[in-house]
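Residue-level structure breakdown
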Amino acid sequence: MATYKIAVMPGDGTGPEVTAEAVKVLKAAAAKFGFKLEMTEFDFGGERYKRTGETLPDSAVEELRKFDAILLGAIGHPDVAPGILEKGILLKARFELDQYINLRPVKLYPGVATPIKDKGPDDIDFVVVRENTGDLYTGTGGFTMKGTPHEVAVQSAVYTRFQVDRCLKYAFEYARKHGKKSRGKGDKNTLALSGKTNVLTYVYDLWERAFHELGKAEYPEIVREYYHVDATCMWFVKNPEWFDVIVTGNMFGDIITDLGAMVQGGMGIAAGGNINPEGVSMFEPIGGSAPKYTGKGVINPLAAICAGQMMLETLGEEKAGKCIEDAVKFATGNKLKSMQAGRMGYSTSEVGDLVAERVAG
Ligand code: IPM
Ligand code: MN
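Residues numbered from 1 in each chain as written. Chains lettered and ligands numbered in written order. Predicted model: local features only at pLDDT ≥ 70, side-chain atom pairs only at ≥ 80, totals over all residues. Heavy atoms only, no water.

What follows deals with the packing of aromatic side chains. Taken as a whole and assessed by the stated rule, the structure comprises 14 aromatic pairs. Taken together, a centroid distance of 4.7 Å and an interplanar angle of 45° make the contact between Phe126 and Phe236 tilted. Of the two residues, Phe126 sits in strand E5 (residues 125–131) while Phe236 sits in helix H7 (residues 229–238), which places them 110 residues apart along the sequence. Assigned by exposure class, Phe126 and Phe236 land together as buried. Ring geometry for Tyr159 against Trp207: centres 5.2 Å apart, planes inclined by 90°, an arrangement best described as edge-to-face. Placement of the pair is Tyr159 in the loop between strand E7 (152–155) and helix H5 (161–178) and Trp207 in helix H6 (residues 203–218), with a sequence separation of 48 residues. Ring pairs connect the aromatic residues Phe126, Tyr227, Phe236 and Phe243, which therefore count as one cluster. Sitting over the face of the ring of Phe67, Lys5 holds its NZ or CZ atom 5.8 Å from the ring centroid. Positioned over the ring face of Phe330 is Arg358, at 3.8 Å from the centre of the ring. (Phe/Tyr/Trp six-rings, centres within 6.5 Å; stacked < 30°, edge-to-face > 60°. Helix = DSSP H or I, 4+ residues; strand = E, 2+ residues; numbered from the N terminus. Buried < 20%, exposed > 50% of the residue type's maximum accessible area, 1.4 Å probe, protein only. Lys NZ or Arg CZ within 6 Å of the ring centre and 35° of its normal.)

Below, the structure written as structure tokens:
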């Protein structure tokens, strides 16, 4: 029987509540599909930081390398200054484990309300491949004359050809494997690059050249499209059905996937994977720790459950992943009144039960 070693990091706020439901559903899937999940819990997060001053120590990174995957709840604590936990835990894991892809599906499930009028599940079904190690996130820059009226602050968008190429390769492969021909031009799969070649004439020039070079040489069957990032936001709202697979840099990817999460019905349902195709990947609901809902049993666990689904798919348990997705669709289509915290018509654990029971079938 296949056994997967999973590091579980529930983290802060509502993280532990939603992670518990994801674990419940994963266990049901493992029992049904005949594999084993060996889970080890880690308490990295705001509480531990307050107690010990530790975020994610190097020794923990080394330990995490030994797992097959990581399931993360949420990072962020109201008593800790912004940036400390994000940088010290979430970004450190992404960078140190070289999770160079942030895969964020934007999929409207049945019964889920989208703020976009007259669009349904057939229209809203795309995925953003966000580069996850470069760009403004490298922390390249600094201050001079800090605290004076002449203070200068610089923070640079940094990309190497290597980073761009490996991300593009993943995106083209993804489009080849999972692309939906119906969206492409003339019955072909499509990959869209989202950039800003009219202003960021170095960084997105590099992306655009690399995009066409690689596409032409190795993926001639995939149609290449380009959108400026601002226009991408416009079309997400106006014509989401145009999109299938989108690739972009780290900063733009961060921003457009929050828009994507709203388009697909809110943070309650949006999941993502920080993927190192050659190493250890980490899956998370993309919403935050939601301090105001903590401990109330009202937060929507479906995003965490969908993160678990993505984890199983990445581990190669595709049938089990599909089964979880179908169970989530069943819950959204037939049970939940809303995706919003406190308005689901069920408690957090009841939603977990609904999905887990459906998976166990
Ligand atoms: C995300 C988050 C993080 C990011 C923050 C918490 C550092 O917004 O996962 O999208 O900017 O990547
Ligand atoms: Mn974000």
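Taken together, Met145, Val152 and Val154 make up a surface patch of nonpolar side chains, about 240 Å² in accessible area. Residue placement: Val154 occurs in strand E7. Residue classification places Val154 among the partly exposed residues on the basis of a relative accessible area of 44%. (Patch = residues over 30% accessible without salt bridge, like charges linked within 9 Å, V, L, I, M, F, W, Y side chains within 5 Å. Areas by Shrake-Rupley, 256 points an atom, 1.4 Å probe, with all protein chains shown as cover. Salt bridge = Lys/Arg side-chain N within 4 Å of Asp/Glu carboxyl O.)

Hydrogen bonds between backbone groups are what pair the strands of a sheet, and the pairing can be parallel or antiparallel. Taken together, 10 strands build an open sheet; the order of strands is E2-E1-E3-E12-E11-E4-E5-E10-E8-E9 and the sheet is mixed. Two strands lie at the open edges of the sheet, namely strand E2 (36–41) and strand E9 (223–228), each paired on one side alone. The average angle at which neighbouring strand axes cross in this sheet is 25°, direction not considered. In this structure, strand E1 (residues 3–11) lies alongside E2, joined through six bridges in parallel fashion. Looking at E2, one finds that Ala7 is bridged to Thr40. Helix H8 (residues 250–263) rests against strand E4 (101–107), E5, strand E8 (190–195) and strand E10 (245–248) of the sheet, and its axis sits at about 155° to E5. Against the sheet, helix H9 (residues 302–315) engages E1, E2, strand E3 (69–74), E4, strand E11 (271–275) and strand E12 (281–285), with an angle of about 160° to E12. (Pairing = 2+ DSSP bridges. Axes fitted to C-alpha atoms, helices over the stretch in contact; angles between N-to-C directions. Contact = heavy atoms within 4.5 Å.)

Next up on the list: the side chain of Glu131. In this fold, Glu131 is placed in strand E5. The buried charged residue Glu131 lacks any salt bridge, with Arg166 as its nearest oppositely charged partner at 4.8 Å. Polar contacts involving the side chain of Glu131 include one to the side chain of Thr133, which spans 2.6 Å. If sequence neighbours within four positions are ignored, Glu131 has contacts with Tyr100, Tyr159, Gln163, Cys167, Trp207, Thr248, Gly249 and Asn250. (Lys, Arg positive; Asp, Glu negative; His and termini not counted. Polar contact = N/O pair within 3.5 Å; in protein donor to acceptor, adjacent residues only side chain to side chain.)

Within the element layout of this structure, Ala270 appears in the loop between H8 and E11. Residues Ala270 and Ile116 lie 154 residues apart in sequence; the distance between their C-alpha atoms is 16 Å. Ignoring any residue separated from it by four or fewer positions in sequence, one finds Ala270 in contact with Ala261, Gln264, Pro285, Ile286 and Ala303.

A few words on the environment of Thr114. Tracing the backbone through its elements, the reader meets Thr114 in the loop between E4 and E5. Residue Thr114 is classed as buried on the basis of its relative accessible area, which comes to 17%. Note: C-alpha distance between Thr114 and Ile124 (10 residues apart in sequence) is 9.2 Å. What Thr114 contacts, discounting residues up to four positions off in sequence, is Leu108, Lys119, Ile124 and Val263. A polar atom in the side chain of Thr114 sits 2.8 Å from the backbone oxygen of Val263.

Let us look at the packing of H7 against H8. Where H7 contacts H8, the axes come no closer than 10 Å and their chain directions differ by 10°. When the axes of H7 and H8 are compared, the pair comes out roughly parallel. Residue-level contacts link Val229, Thr232, Cys233, Phe236 and Val237 of H7 to Phe252, Ile256, Leu259, Gly260 and Val263 of H8. In the contact of H7 with H8, the residues fall into eight nonpolar, two polar and no charged. (Parallel < 35°, antiparallel > 145°, perpendicular 65-115°, else oblique. Nonpolar A, V, L, I, M, F, W, Y, C, P; charged D, E, K, R; others polar.)

With that settled, consider the pairing of E5. For E5, the tally of buried residues reaches seven of seven residues, placing the bulk of the element in the interior. A two-sided burial pattern is seen for E5, the buried positions comprising Asp125, Val127, Val129 and Glu131 on one face and Phe126, Val128 and Arg130 on the other. The pairing of E4 with E5 spans seven bridges and is classified as antiparallel. Each bridged residue has a counterpart across the sheet, and for Pro105 the counterpart in E5 is Val127.

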